[in-house]
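Residues per chain, in single letters:
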Amino acid sequence: MVRALDAAYNALDDELARVRSLRNILWAATFLVLLGAAGLAVYGWFFPESLSMCFTPKVNPGDTSGIDVVCPTAEHPDEAVSTPASALAQPRDILTVEIAGLAGAALTVIASLRRIRGTDSPYMLPLASAVLKFPTGALSAFLGLLLIRGTFVPGLSDLDSRAQVLGWAAAFGAAQHLVTRPVDDRAQMTLAEVGRTTDAVIDPERAAVRESNLLGETTGASGPPTAFEDGAGPNEGAQERTREGAHRGEEADGSRPRAGP
């Protein structure tokens, strides 16, 4: 029983160590993604023209009356045809897009709460996987609008209004669930393995070392008691032989003629 409990506790420690390691990885990934999203916002604040999120919908090559420029924070109608869209970009454009992506990611976090189960593990693994969605949503919103502006998606190169720009940013922020869904599944699988002792969980090398230590502690002791065919142990056999010898002695004394008075 002591060996079984020791193996169970060691297996539980290994499982909790895996949970702690995955939790640390998720927090580190969250910090790195948040650092990248914040770096893009700071860079766009000081150099808005280099990462412009502005669109020029319905531009006709022969039209000289003016063009409309749509940005995440403002709309500029009837601008000169020679005016580049990036020249009208505002420092708050990328930050606004990332905030819209955060809003879309928040919806997916709320929707994923129905799949989160409570756990007695001391490590907040579901919380770490949920927090990862927020900076990922902000980053995916920026990348999605950047792909649309670069005409990477056919038919989505012309956004007509500021509302459409923010709407697509929120949609791309919610689309981060396609990337973080495997992370949620892995977190739930890791939590489900806690407390379930299997042969794969117990380290065979550690079990072998433990077995050799236990055998070394009992070196020099007699081996296990030998089993008899009738199921009696060694002490019981010795007692039976003593009783049989005494019984034969009584029979011998009874058959011997007794001397007279």
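Residues numbered from 1 in each chain as written. Predicted model: local features only at pLDDT ≥ 70, side-chain atom pairs only at ≥ 80, totals over all residues. Heavy atoms only, no water.

(A) Structural detail: the overall build of the protein. If you tally the helices and strands in the protein, you get 8 helices and 2 strands. Put simply, the protein runs from its N terminus to its C terminus through helices and strands in the order α-β-β-α-α-α-α-α-α-α. Scored against the burial criterion, the 261 residues of the protein give a buried share of 30%. Considering only contacts in the protein between residues 6 or more positions apart, those separated by 24 or more positions represent 74%. Put simply, the protein shows about 16500 Å² of open surface, and 61% of that area lies on carbon and sulfur atoms. (Helix = DSSP H or I, 4+ residues; strand = E, 2+ residues; numbered from the N terminus. Buried < 20%, exposed > 50% of the residue type's maximum accessible area, 1.4 Å probe, protein only. Contact = heavy atoms within 4.5 Å. Areas by Shrake-Rupley, 256 points an atom, 1.4 Å probe, with all protein chains shown as cover.)

(B) The nonpolar core, seen in detail. Core analysis: the biggest nonpolar cluster contains 14 residues, and Met 53, Val 97, Leu 145, Leu 159, Val 165 and Ala 169 have the highest contact counts within it. Elements with a contribution of two residues or more to this core: helix H2 (93–112), helix H4 (133–149) and helix H5 (162–174). Of the residues forming this core, the biggest block, 4 residues, is contributed by H4. Those residues within four positions of Ala 169 in sequence are excluded, and the remaining contacts are Val 97, Ala 100, Gly 101, Ala 141 and Leu 145. (Core = buried A, V, L, I, M, F, W, Y, C linked by side-chain atoms within 4.5 Å.)

(C) Broad picture of a nonpolar patch on the surface. Residues Val 42, Tyr 43, Trp 45, Phe 46, Phe 47, Leu 95, Ile 99 and Leu 102 make up a contiguous nonpolar surface patch of roughly 800 Å² in combined accessible area. For the nonpolar patch, the secondary structure elements donating two or more residues are helix H1 (2–46) and H2. Looking at which element gives the most residues to the nonpolar patch, the answer is H1, with 4 residues. With respect to the helices and strands, the residue Trp 45 is situated in helix H1. On the accessibility criterion, Trp 45 (42% relative accessible area) is partly exposed. (Patch = residues over 30% accessible without salt bridge, like charges linked within 9 Å, V, L, I, M, F, W, Y side chains within 5 Å. Salt bridge = Lys/Arg side-chain N within 4 Å of Asp/Glu carboxyl O.)

(D) Inspection of H5 at higher detail. Its 13 residues place the ends of H5 19 Å apart at the C-alpha level, agreeing with the 18 Å of an ideal helix rising 1.5 Å per residue. Within H5, burial applies to Val 165, Ala 169 and Gly 173. The arc enclosing the buried residues of H5, seen along the axis, measures out at 75°, which places them on a common side. Here the buried face of H5 lies against strand E1 (67–70), H2 and H4. (Expected span 1.5 Å × (residues − 1). Arc of directions from axis to C-beta.)

In short, geometric facts, not functional conclusions.
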